[in-house]
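A structural walkthrough
Letter by letter, the chains look like this.
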Amino acid sequence: MKRTIKRVCTKTFWIMGLIAVTQVMLTPGFVSAASWEITATSGFQWDPSEVKLSLGDDVTFKLSGDPQGIPHGLQFNDWDSIKQVFEIEAVQGQQLFNATTGQNNTSTNMANKVLFKAKIKSIPDGLSEISYVCIEHGGMRGNLVLGATDGDMGVEKMVRRLSPSMQRRMLKFINQARSPRELTKSPQERRVKFEHGPSAARPKYDRRHEGVVAYDLATAKMMLENRPLDGYTDVRDCLKLYKESETERFEDLLNSLGPPQFGEWREVATVAEGDEEEPVMHAAMLHTGKVLLIPSNNRTVLWDPDPAVATPIEIINGEQAGTGLTANLFCSGHSFLSDGRLLVVGGGGGNPGAASSIQGWKFDPKTIKWTRTSNDMSFQRWYPTLVTLADEPGKVLVAAGATGMGVADFMEIYSEVTDKFEPVTATGPVGELLFPPTYPGLHLLPGGEVFHTPVGFGDCNQSPSGASADPTAIFAFSNPARTMGAWSTLENNHRRKGMSVLLLEPTSPFVRVLAIGGGDAGTSGTGQTIDLSTFSPTWEPAFPLLEGRVHPNAVILPDGTVFICGGMEAGTKPPPNGGRCELYDPKTGSIAEMDELARPRHYHSVAILLPTGEVMAAGGAGRGGCDVSRHNTIEVFKPPYLFRGDRPVINSMRSEVEHGAAFEIDTPNPSAISKIVLARPMAVTHQTDSEQRMITLTYTVTGPGTIEAIAPAGSPNSIAPPGYYMLFILNQDRVPSVAKWILLK
């Protein structure tokens, strides 16, 4: 067993600092010291590209970006002059810089390494500027300006509080404004608005968080009057218009551009063993609190989201470590069994037809052991989809998948009792639905039927699909053994390379399916819902997304909104990172822009809901799409609701409950609770997940510190199939608690 962690993912460069000497007078009187961090980003830029320094300031050069194992070295010319300016500091366990020679030791991996860290101890007469350049990318140039004035430093302090994504939002907000009055409103208020759904409701905004005034009218006029013809390119030019008396206004601007409105991504780890990264293509949220990541071999990879854990990534090497796994489960399908184990079938590697792709495996999160099912499936299945049914003991429907010679001829059912697969016969006029797209979007409906959304796999590139439309369909079982049934088809839709999620509500519309992106150039920039509560379900008119998305990820949050990330279409000017995300509210039909991913997350990427109410994203192929994951870092998104004040707390509750039973939740302020939900954990790959569902519970406040909630009733219960769930309580501001795990049986 080996463990490794990389808290910051980095790009390695050869870098040389160059000295430029100019005869100028220094500006006296600056006394405030500050710390500055200059980062070489994966977009081949210095961030920031210019820093204005004064005596006592700290400056650190770091590397960040996409690790490629390129050798690196840092060297300053005229080292004797540099040593007069810098007091070089040691960085325990990370310092590579040699203060004697002015060079870096070489290495092939720069994970979380500091190139250079020093304090400005003096500024010799005549030395006003230090310029630096990346030799690997000569266009990457930057400057350290020595002897900053108070005014300059005020602007620089403001810049330091704006993350790169906030700076981009600010420039976009100002450059797109057509009138000064547009700049007096929050950037987030300029979201997409449209009529949608049966109520055709307009979005309702939380004015406490979104009604912030970004600029007063006079400053807004100055901003536009001084705007260059091709727009501002540096936020410093905008911030110079702020006066010292407008500190409060700047705080408003920060609020309107920052996490309270857009949420916030952070990179937390790299999935690697030593210097060797482990490609991430599958993820499952386990009831132990860890996340299972399935790579393209027989290793077992676990990530612990707890930030207090010193070694959050655990990589276990197959048979040698006694996990029992002998197969390559890359390109498999998976769903949870009623006892919390994960059933994984098919796969076999990067192409169909592998001998092991006919096998089924079960992973036990408690023992970290794999066991093979008692029999194999009837077909090899590469890119299959699994759906856990409501039966007790559990059953799982296995559908689709390529065999190496074509597609599987029929579905199969797995039984937890027999530990075996049996064929499923489809009768009726439609017969067998052979799923032209593998990884079809399948969802268990409250009536026990299985709904097919025509998303699924089209091809691996990041361009819209050229395939024809596929049928929307519903499969109804006709016998208790779940080995027979019939398909009925609805209208066709063109959504290949998109993702679908099931939306459940206690009031009308009770059951909907949402399809995000995919399809051709006309549909990839849209979302669409179908109301399955009606007698004759039809797809409603599509609504616009903020971005065209191919192979996106969609995650239902505890407050009922759907977080959409990744899947940026290939284009002439793709973003250097993963692009902006968005938040869809099914009740109001509104879309809100969210923070930008640090990495491209599209084909072979995954995103799942964590018990903290945050979202984890990992993986992602190269920019073209058709390879294993190249972006094997883990990012965590903190949604805006986690910036709205204190979170409600669950002190205690039962760990198991039967369907229909009442159970008590201990919480300090039960009268402040507005909603209780069960979230089924996700098991996602290739933008396919049949598991996630958010179920609202009925409840009653029974005391000053207690709530009595009612588990979903009925057996079998297809709204909430047996298994583990995350239970969240939400307050009046829709802020969720940290979840507690509960076994529903």
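Scroll up for the structure.
Below or above, wherever it landed, is the structure these notes cover.

Rules used in this analysis
- Residues numbered from 1 in each chain as written.
- Predicted model: local features only at pLDDT ≥ 70, side-chain atom pairs only at ≥ 80, totals over all residues.
- Heavy atoms only, no water.
- Helix = DSSP H or I, 4+ residues; strand = E, 2+ residues; numbered from the N terminus.
- Buried < 20%, exposed > 50% of the residue type's maximum accessible area, 1.4 Å probe, protein only.
- Areas by Shrake-Rupley, 256 points an atom, 1.4 Å probe, with all protein chains shown as cover.
- Pairing = 2+ DSSP bridges.
- Arc of directions from axis to C-beta.
- Contact = heavy atoms within 4.5 Å.
- Expected span 1.5 Å × (residues − 1).
- Salt bridge = Lys/Arg side-chain N within 4 Å of Asp/Glu carboxyl O.
- Axes fitted to C-alpha atoms, helices over the stretch in contact; angles between N-to-C directions.
- Polar contact = N/O pair within 3.5 Å; in protein donor to acceptor, adjacent residues only side chain to side chain.
- Phe/Tyr/Trp six-rings, centres within 6.5 Å; stacked < 30°, edge-to-face > 60°.
- Lys NZ or Arg CZ within 6 Å of the ring centre and 35° of its normal.

Counting its secondary structure elements, the protein contains 8 helices and 54 strands. When burial is assessed residue by residue, the protein has 58% of its 745 residues classed as buried. Accessible surface computed for the protein: about 28000 Å², of which carbon and sulfur atoms make up 50%.

With that settled, consider the sheet that holds strand β46 (residues 656-657). Spatially, 5 strands are ordered β46-β54-β53-β48-β50 in an open sheet, and the strand pairing comes out mixed. The sheet is open, and its two edges are formed by β46 and β50 (694-696), each paired on a single side. Here 3 bridges tie strand β48 (residues 673-679) to β50, and the two strands are oriented antiparallel to one another. By the bridge assignment, A679 is partnered in β50 with M694.

A few words now on helix α5 (residues 217-225). Of the residues making up α5, those classed as buried are T219, A220, M223 and L224. Axial view of α5: buried residues confined to an arc of 135 degrees, hence all on one face. Structurally, α5 contributes buried residues whose contacts are with α3 (164-176) and α6 (235-239).

With that out of the way, let us pick up unusual backbone geometry. Residues S508 and P509 are joined by a peptide bond in cis, for which omega reads -5 degrees. As for its position among the elements, P509 is in the loop between β34 (499-504) and β35 (511-516). A positive phi angle is found at R482, which is not glycine, with a value near 60 degrees. Within the secondary structure, R482 sits in the loop between β32 (470-477) and β33 (484-493).

In this structure, S718 sits in the loop between β52 (706-710) and β53 (723-731). The exposure class assigned to S718 is buried, which follows from its relative accessible area of 8%. In contact with S718, other than residues within four places in its own chain, are A390, L444, L445, P446, G447, G448 and R693.

Time to look at the pairing of β52. Within a regular strand, the side chains alternate between the two sheet faces. As paired elements, strand β47 (residues 662-666) and β52 share 5 bridges and run antiparallel to each other. When the sheet's bridge partners are listed, F663 is paired in β52 with A709. Sheet topology places strand β51 (residues 698-703) next to β52; 5 bridges connect them, and they run antiparallel. From the neighbouring strand, T700 faces β52, where its bridge partner is E708. In this antiparallel pair of consecutive strands, β51 and β52, the connection spans 2 residues.

With that settled, consider α3. If you check α3, its first and last C-alpha atoms are 18 Å apart, about what 13 residues at 1.5 Å a residue would give, namely 18 Å. Among the residues of α3, those classed as buried are S165, M166, Q167, R169, M170, L171, F173 and I174.

Another aspect to go through is the pattern of salt bridges. Summed over all chains, the structure comprises 23 salt bridges. In this structure, R372 and D376 form a salt bridge, with 3.1 Å as the shortest nitrogen-oxygen distance. A relative accessible area of 38% means that R372 is categorised as partly exposed. According to the relative accessible area criterion, D376 is partly exposed, its value standing at 30%. Of the charged contacts in the structure, one is a salt bridge between R601 and E635, with a shortest N-O distance of 2.9 Å. Of this pair, R601 sits in the loop between β41 (590-597) and β42 (605-609) while E635 sits in strand β44 (residues 633-638), and the two are 34 residues apart along the sequence. In terms of burial, R601 and E635 fall into one category: buried. Overlapping salt bridges bring together E273, E278 and R299 as one network.

Let's shift gears to the sheet that holds strand β30 (residues 441-444). In spatial order, the strands read β29-β33-β32-β31-β30; together these 5 strands make up an open sheet with mixed pairing. Sheet topology places β29 (425-427) and β30 at the edges, where each strand pairs with a single neighbour. When strand polarity is set aside, the average angle formed by the axes of neighbouring strands in this sheet is 30 degrees. Of the pairings in the sheet, the one linking β30 to strand β31 (residues 450-453) comprises 4 bridges and is antiparallel in character. In the sheet register, L442 faces β31, and the bridge partner there is H452.

A large share of strand β23 (residues 360-364) lies buried, amounting to 4 of its 5 residues. When strand β22 (residues 342-346) meets β23, the two strands line up antiparallel, connected through 4 bridges. Bridging across to β23, L342 finds its partner in F363. As judged from the 4 bridges shared by β23 and strand β24 (residues 369-372), these two strands associate in the antiparallel manner. Bridge pairing in β24 links K362 to T371. With antiparallel pairing between neighbouring strands as the criterion, β23 and β24 make up a hairpin whose turn holds 4 residues, including I368 at a positive phi of roughly 55 degrees.

Moving on, we come to the side chain of T300. Of note, T300 is situated in strand β19 (residues 300-303). Since its relative accessible area comes to 1%, T300 is described here as buried. Polar side-chain contacts of T300 include one of 2.9 Å to the side chain of W370. Those residues in contact with T300 that sit more than four places away from it in its chain are L292, E314, I315, I316, T323, F363, I368 and W370.

Here the structure, examined in full by the defined rule, presents 13 aromatic pairs. Centre to centre, the rings of W382 and Y383 are 3.8 Å apart; their planes meet at 15 degrees, and the pair counts as stacked. Residue class for Y383 comes out buried when judged on its relative accessible area of 2%. When the centroid spacing of 4.9 Å and the interplanar angle of 85 degrees are considered together, the rings of Y383 and F457 count as edge-to-face. In this pair, Y383 sits in the loop between β24 and β25 (385-388) while F457 sits in the loop between β31 and β32, placing the two residues 74 residues apart along the sequence. A network of ring pairs unites the aromatic residues W382, Y383, Y439, F457 and Y603 as a single cluster. Directly above the aromatic system of F262 lies the positively charged group of R169, at a separation of 4.0 Å from the ring centroid. Above the plane of the ring of F643 lies K638, whose end atom (NZ or CZ) is 4.8 Å from the centre.

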